[in-house]
Protein chains: 4
Amino acid sequence: MKVLKFGGSSVATPARIQSVIEIVKPLLKGDIAVVFSAFGGVTDNLIQVSHLALQGNLEYKTKLAELEKRHLEAVRELINIQRQSGILAQVKFMMNELEDVLHGVYLVKERTPRTLDYVMSFGERLSAYIIAEAFKDRGHAAEFLDARKVIRTDSHFGYAKVDFETTNKLITEYFKHHQDVQIITGFVATSESGETTTLGRSGSDYTAAIFAGALHATDLEIWTDVDGMMTADPRKVKKAFTVPQMSYEEAMELSHFGAKVIFPATMQPAMVNKIPIWIKNTFNPTFEGTVIHAESKNGKMIKGISSMNGVSLLSLQGSGLLGVVGASMRLFATLARENVNVILISQASSEHSICFAVENEYAHRAKVAIEKEFQYEIRNEEIDEIPVETDLSIVAVVGDGMKHSPGTSGRMFSALGKNGVNVVAIAQGSSERNISAVIPQVDAAKALNALHEAFFLSDRK
Amino acid sequence: MKVLKFGGSSVATPARIQSVIEIVKPLLKGDIAVVFSAFGGVTDNLIQVSHLALQGNLEYKTKLAELEKRHLEAVRELINIQRQSGILAQVKFMMNELEDVLHGVYLVKERTPRTLDYVMSFGERLSAYIIAEAFKDRGHAAEFLDARKVIRTDSHFGYAKVDFETTNKLITEYFKHHQDVQIITGFVATSESGETTTLGRSGSDYTAAIFAGALHATDLEIWTDVDGMMTADPRKVKKAFTVPQMSYEEAMELSHFGAKVIFPATMQPAMVNKIPIWIKNTFNPTFEGTVIHAESKNGKMIKGISSMNGVSLLSLQGSGLLGVVGASMRLFATLARENVNVILISQASSEHSICFAVENEYAHRAKVAIEKEFQYEIRNEEIDEIPVETDLSIVAVVGDGMKHSPGTSGRMFSALGKNGVNVVAIAQGSSERNISAVIPQVDAAKALNALHEAFFLSDRK
Amino acid sequence: MKVLKFGGSSVATPARIQSVIEIVKPLLKGDIAVVFSAFGGVTDNLIQVSHLALQGNLEYKTKLAELEKRHLEAVRELINIQRQSGILAQVKFMMNELEDVLHGVYLVKERTPRTLDYVMSFGERLSAYIIAEAFKDRGHAAEFLDARKVIRTDSHFGYAKVDFETTNKLITEYFKHHQDVQIITGFVATSESGETTTLGRSGSDYTAAIFAGALHATDLEIWTDVDGMMTADPRKVKKAFTVPQMSYEEAMELSHFGAKVIFPATMQPAMVNKIPIWIKNTFNPTFEGTVIHAESKNGKMIKGISSMNGVSLLSLQGSGLLGVVGASMRLFATLARENVNVILISQASSEHSICFAVENEYAHRAKVAIEKEFQYEIRNEEIDEIPVETDLSIVAVVGDGMKHSPGTSGRMFSALGKNGVNVVAIAQGSSERNISAVIPQVDAAKALNALHEAFFLSDRK
Amino acid sequence: MKVLKFGGSSVATPARIQSVIEIVKPLLKGDIAVVFSAFGGVTDNLIQVSHLALQGNLEYKTKLAELEKRHLEAVRELINIQRQSGILAQVKFMMNELEDVLHGVYLVKERTPRTLDYVMSFGERLSAYIIAEAFKDRGHAAEFLDARKVIRTDSHFGYAKVDFETTNKLITEYFKHHQDVQIITGFVATSESGETTTLGRSGSDYTAAIFAGALHATDLEIWTDVDGMMTADPRKVKKAFTVPQMSYEEAMELSHFGAKVIFPATMQPAMVNKIPIWIKNTFNPTFEGTVIHAESKNGKMIKGISSMNGVSLLSLQGSGLLGVVGASMRLFATLARENVNVILISQASSEHSICFAVENEYAHRAKVAIEKEFQYEIRNEEIDEIPVETDLSIVAVVGDGMKHSPGTSGRMFSALGKNGVNVVAIAQGSSERNISAVIPQVDAAKALNALHEAFFLSDRK
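Summarised in this report is the structure supplied together with it. (Residues numbered from 1 in each chain as written. Chains lettered and ligands numbered in written order. Predicted model: local features only at pLDDT ≥ 70, side-chain atom pairs only at ≥ 80, totals over all residues. Heavy atoms only, no water.)

## Concerning the relation of the copies chain D and chain C
For the match of chain D to chain C, the screw axis carries a shift of 0.1 Å, the RMSD comes to 0.1 Å, and the turn is 179 degrees. Such a turn and shift between the copies fits a two-fold axis. When the interface residues of chain D are mapped onto chain C, 100% of them are again interface residues, pointing to one common binding face. (Least-squares fit on C-alpha atoms with pLDDT ≥ 70 in both. Contact = heavy atoms within 4.5 Å.)

## Regarding the packing of helix 3 (residues 59-78) of chain C against helix 5 (residues 113-137) of chain C
All names here are of chain C. Orientation of helix 3 relative to helix 5, taken along the N-to-C sense of each, is 10 degrees, at an axis distance of 10 Å. Regarding the angle of helix 3 to helix 5, the classification is roughly parallel. Residue-level contacts link H71, V75 and L78 of helix 3 to L126, I130, A134 and D137 of helix 5. Residues that form the contact of helix 3 with helix 5 fall into these classes: five nonpolar, one polar and one charged. (Axes fitted to C-alpha atoms, helices over the stretch in contact; angles between N-to-C directions. Helix = DSSP H or I, 4+ residues; strand = E, 2+ residues; numbered from the N terminus. Parallel < 35°, antiparallel > 145°, perpendicular 65-115°, else oblique. Nonpolar A, V, L, I, M, F, W, Y, C, P; charged D, E, K, R; others polar.)

## Looking at the arrangement of the chains
Left apart from each other, chain B and chain C have a closest C-alpha approach of 22 Å. The two units chain A and chain D never meet; even their closest C-alpha atoms stay 23 Å apart.

## Some details on the sheet that holds strand 8 (residues 219-224) of chain B
Residues and elements named next belong to chain B. Strands sit in the order 3-5-2-1-8-10-11-9 across an open sheet of eight strands; the sheet is mixed. Among the strands making up the open sheet, the edge pair consists of strand 3 (142-145) and strand 9 (245-247). Neighbouring strand axes in the sheet, compared pairwise and without regard to direction, differ in orientation by 20 degrees on average. Relative to strand 10 (residues 277-281), strand 8 runs parallel, the two being bridged by five bridges. The residue bridging L220 from the neighbouring strand is I277, located in strand 10. Along the sheet, helix 1 (residues 14-24) makes contact with strand 1 (2-6), strand 2 (32-36) and strand 8, crossing strand 1 at roughly 165 degrees. In the packing of helix 6 (residues 164-177) onto the sheet, the strands contacted are strand 2, strand 3 and strand 5 (181-185), and the crossing angle to strand 5 comes to about 140 degrees. (Pairing = 2+ DSSP bridges.)

## A short note on unusual backbone geometry
Residues and elements named next belong to chain D. Positive phi, normally seen in glycine, also occurs at K109, with a value near 60 degrees. Take K109: its relative accessible area is 38%, and that puts it in the partly exposed class. Even without being a glycine, N339 presents a positive backbone phi close to 55 degrees. Structurally, N339 can be placed in the loop between helix 10 (327-337) and strand 13 (342-349). By relative accessible area, which is 61% here, N339 ends up exposed. (Buried < 20%, exposed > 50% of the residue type's maximum accessible area, 1.4 Å probe, protein only.)

## Notes on the interface of chain B and chain D
Listed by partner, the interface residues are twelve residues for chain B and twelve residues for chain D. Across the chain B to chain D interface the summed buried area is about 1,000 Å²; carbon plus sulfur atoms make up 61%. Of all residues in chain B, B:L107, B:V108 and B:E110 give up the largest surface area on contact with chain D, accounting jointly for 51% of the area buried on that side. At the surface where chain B touches chain D, the tally comes to two salt bridges. Here D:E110 makes a salt bridge to B:R114, at a shortest N to O gap of 3.6 Å. Counting only elements with at least two residues in the side of chain B that touches chain D, the list comes to helix 4 (81-108) and helix 5 (113-137) of chain B. If one sorts the elements of the side of chain B that touches chain D by residue count, helix 4 of chain B sits on top with seven residues. Counted by class, the side of chain B that touches chain D contains four nonpolar, four polar and four charged residues. (Buried area = accessible area lost by both parts, 1.4 Å probe. Salt bridge = Lys/Arg side-chain N within 4 Å of Asp/Glu carboxyl O.)

## A few points about the side chain of C:R125
All names here are of chain C. Turning to its location among the elements, R125 is positioned in helix 5. Polar contacts involving the side chain of R125 include one to the side chain of S121, which spans 2.9 Å. Those residues in contact with R125 that sit more than four places away from it in its chain are M94, E97, Y118, F144, D146, R148 and T185. (Polar contact = N/O pair within 3.5 Å; in protein donor to acceptor, adjacent residues only side chain to side chain.)

## Describing the relation of the copies chain B and chain D
Its rotation angle being 179 degrees, the transformation that places chain B on chain D also includes 0.3 Å of axial translation and leaves an RMSD of 0.1 Å. Comparing interface residues between copies, 100% of those in chain B also lie at the interface in chain D; the contact surface is shared.

## A word on helix 7 (residues 203-214) of chain A
Residues and elements named next belong to chain A. The end-to-end C-alpha distance of helix 7 is 16 Å, a good match for the 16 Å that twelve residues give at a rise of 1.5 Å each. For helix 7, the tally of buried residues reaches twelve of twelve residues, placing the bulk of the element in the interior. Burial in helix 7 covers these residues: G203, S204, D205, Y206, T207, A208, A209, I210, F211, A212, G213 and A214. Taken from the residues just after helix 7, H216 is the one with a positive phi, measuring 50 degrees. (Expected span 1.5 Å × (residues − 1).)

## A look at the environment of B:K236
All names here are of chain B. For K236, the position within the fold is in the loop between strand 8 and strand 9. On a C-alpha basis, the gap between K236 and L448 in space is 7.6 Å, while along the polypeptide they are 212 residues apart. In contact with K236, other than residues within four places in its own chain, are S307, N309, L448 and N449.

Below, the structure written as structure tokens:
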């Protein structure tokens, strides 16, 4: 069993859907399941439409009509005219359901997370339904599967947590009785009490991984619009190239700061079942892409360079910090309470100065909260006011191979030093898969290219 | 006003005390106060004696007799025979007091922290008393000051916290009415309820800094047995040399991992009053030593290289860590609860893997406690069992100047890389005064010398 | 200034509203404000209608049409035909607003507390508006005041908490600029963010008390459908009669178990301003009713006998309870956590057995929660499993005067004893305004009549 | 197996010890074990002596000498002169041990709970040792058992908690190998780490119950200086008489407020094993006394009247209390935190006014703590300042039989009412074994006698 997943950009237009069908066609004899996102941009449109309704802005009706038109046209382009009418009716029926809910939002002036999940679910429900019909129209034994039938979650609307025990049972049971190729809605699920939920960011990838895990698939293919995982962000580093294979851990590290080709949490059901994940490009389907698997097979020390802009650095420090009981505990408890996401931590002396990076937007809130937590110590001058340095970037070199390769850090910091890049903070954890440096954002492009040169190109020459 | 402090090794023998008197003599016309530790080794002897008594081992009497003999002989050597008898009587009187308490410990088989503080206090009380008499004997207008009269603390026996408001008032008031040079007991103080307390590790330095702060001294001189703060631990790096001056912050960073010339917390009363601290060598009094002050004056990028052996590295990691709420908070709360001192933290991805260093002796306890805290997540394979890497060292390059000097990290890691030293973890906080690398302990000597060569000697050539 | 409030039954029909106008008319020359509930039964209708919509039951439209008809007819009956059309239009306009929201509920299948408050608000908004117009129609200088303009609350929809500081300011300011008699909506208010809220059970009484307090009224008249506070529930005690006057405290005690003529919390704004509260009967307006004021003026020992059926008694007891630390704290913390309302507590020995009464419906939940809290102690047989006795009643004699009257308890328990009523638990707090006895429910009627005989009738003879 | 226990007054003099031997003698053929307290007054003497030493008062030596003399004289009077010398030597040896510890306390000026337990242990160790020798001297096969060998506790010096699992095992094992009659030290035990602990108030009773439980004794006899449990405190009620039998529960209730013949917690090991407890009078050994057992056998409704002076009554009340979340929880949490022992609770309305009784000495502390806890609500006038009524008494009628006897409360309160006793608060829990009334202390004697008359004497007539 192979599970494929096609993202929104892969199904943004009928033409692209046609390409996807071409990609899938040769696999149809085998044992496969295919997960689809909403047509490119539709999820955002649904959020926007419901927001307009919430605000009492009747323009939502125009936008909704456009959405309907787009889906109807997709049917008309993809489906033979003889079979169209029933399918158009079904699409219209779904759009009416949606219209009713939006009208309700317009009237009660409330859009609860539960309602938003329900509104968003229409994106995947429409796309997978239409695509399933397109497959059938071409004579393939395909079947539409609304994933809400088999993925069971709790009731945290917006980011529901999967109940794997029930879900795995439901999926295997379902597949036992359905032999045709399942064309599956990504992103959506059902709570215990039968309400529609969604799986959060990159939810369709997650759906695909959930099916792959439950069905013990041999492979999981994530079809997207890039050539796989790259050595660096190609928008910043012209010479970046695709990495043919890497370990799950490397992929997670690279995803952390870099272009979000995949979202780490979504890999988990594949990881625990050691299912290889193939990152493929719908627009360049013959390119091999990247495979992510349990063991990084070749000895290449570094797999990629990730980077992240818009970073701020804060420090908890002060001459009296040594005497403040449990300072790091209180620091991190405060940050957790404030929902501040910490990107990087570095402390080089025993609770004497703890430095950590957050996204720019959290910096002020973090500063205020920490200064409140330690107000007494700050007033007593045991701890300083929290200094904040903004507009920084993080660059990180990533690779399992650096573990036993003494020269990596030297090569990295020499490259930065020679190019005059000031390093503001450094962290390297014991996994030794990642050395991260915080640098001024103005130097980010220079630093990235220098590092890419140092680790990838100099070797090639 | 200048405050001087002489440590235990500086007053270990009557001959050395004589040298100390020679050092102090020229300053006697000025406005000075002098703090003394117990005679070298006496504090340890007192702890040992009380421990023997606690165990019911009568050998404590023999050891006590030796201690008495040592102090009586010091009197006989330092004091003119005509003035000896009263002083000998006073020393004997104090030794009897001590003997009674130890007999009490022997009888009740308990040595509470309160009793231990009282027992230890005899070391400084005897040394400062005898030295004050020696000064007087030489015709100097000196006076013995039992610091218990003026330093007020809470009742945390063993590591009492100073009540600076009361203490500063008592000290200034006392000095208003006492014009002679005060010869002051280090280490000891009094709780609000009048019980003897002690100030913890390096307590005599702290006493000196407390007096310096209260009296707004112009200088604080810490007389010890080394030539000041060194570029590296001279036992490990033969070519290490004295650093003439550095900032408080640099001194704190250097003290953190390195040879404990001074203990950071003790500097605080001097720091907040911006009083320069001179580290001088009693055995080489004409050598200028090191001055530690508010601003590092010269541009030398790096001030020193500190190091610490016996370090273990632990990591909290796992594919599901991303979804575990407040993982870093719970990690550090657990470590705080277990009183595990964290030396270095490094986290290079958002709560995806947090790595931290502790002393070897804490590693097992930390592992057990964290695995208990996260037992549920570990059982669910969201978090891995905690890996522990032991027998590591930390080496750190320290200096205010590295802040605007892009090449420091490059130079550091190139030196390590070229010498084949594998870097297990790295941390550099935003103070940019310190880059720390965790390395295998077997490579520590090589690494230290390579770094010393790279930062100090290559420049000198 | 006098504030009057008429409840739902007083305005259930146009005829009754006409009677209310007759009652109010003589006071119109003075300084008054009048608060109205929704027409009798309307609030329940609104809840029902919204519930039908929530369930997707289109019958809600029929029910809504009935509601509209009822209000339109009230206009037609109360208002002169010349002035009707504008008022009918306004009522229809409001009904349309309501219909939209209900349609929204029907569509989104959600009825949040916020929406429910908004739906319920229509009851008072319609009734007060129509009644204000009826006053104007009769030539009185009356003005409709939507209390949402001046009562400010937090956002706890369903039971919003009043922000008295802001509210009092808004009310006094409003009345400064509005000289006509204000006809005010009970029950409704506005949150800081401008959303409609409601004041919970007996909210219209509360509205009246809020206005009385803010305007420092001389009197607050609560016009209801009974002849005031009675000596006992007249449905159970045929000989019960009206109590002419009592203190606030007596009224609160009587309200606790008895017929809910007034709800204690609603009295508070009147109490703190020592404003007398008159309980009057719209259907018997010349009857003096009951006045509730700061001091109970006559010496009559007992003011009334309250009773409550459907009570269960639970006990925390066991031979080892003495050694269980903080047992009562844990017991009440558990009950608070479970939102179990405790009616009566009695503990006659030091944490050796604590007995408490709850309504039957909470008994099981309380038992389960307490047994969970003390599971360890129960397993160790330090504490017994929690015994539950159900189907009990509480009877209480209430009166400020019993304080210095030694015989009250004797008279009470003799009356019960002589009539063979077994007393299961007793509590009398130090306020000495209330002695409560828990008795079998089968004996409740007998007990009530015996007590009424003993305290009221025997004296009269 | 029968376990006997003789209290301090029963062994206060050699003559009394001789009487005790006479009492025990006839039982010696059977299977018995006998527990002894310290000679009457000795425990207090030991506390006093150690307190003098702590204060540095040398008078402790005189007092200690008196104690030694008393024990030596007991030996001389009880033991035949031929056997005296070894026993005198042993007593002297123990006194020397004690003297050493006291000298230690004198020297270190500290008396930790651990040391105090050790000091107090000498009382029972000396008494049981001497009495065991007296038995042997009279030819009885008796053996001294230092209970520290077999009773294992935690380390809460002063009120150590028994580890029953280990203790029961040690006791049964010990008795397997020791056939002679064991003469056992009451009160003392050993911690896991081998340090001497004590069992708190009435510790010797507890020791006896522990042995009775471990050995599954058929009877436990507590020999004291009164004729058993009385119907009322004979010092207050002249006509009080002994109750021949009662249930454990009745005994616990009676002990709660009344003369502490037995301390409830000490009964527990006997209760859980359903071992009858006989309260006997050493000075009137033929009198049957009271037996306390599982079921109260005769139908007598009331077993006794207990009373307690020095009681204060506090109330948490206020017009806004209804709205204060979890008021009772917070009240009792505050009292628990402050270690205020609550004697009686009465709340007659839903969290509207909670009244509770404490001993006079706790009243102020409770008031302050509660007013602090509710300071915000008090400032807002939602809750009143806590009223305190002092100098009250509690009288309680106790008996299992009142359960199904409707007239008890009537009879009780009629008796109080007829005698003009004002009842301030009442509580009767559902166990229906106890009705408690809080009354003015000045009326306590009158009330007690009136109740005694009503319940005991009127029946007898």
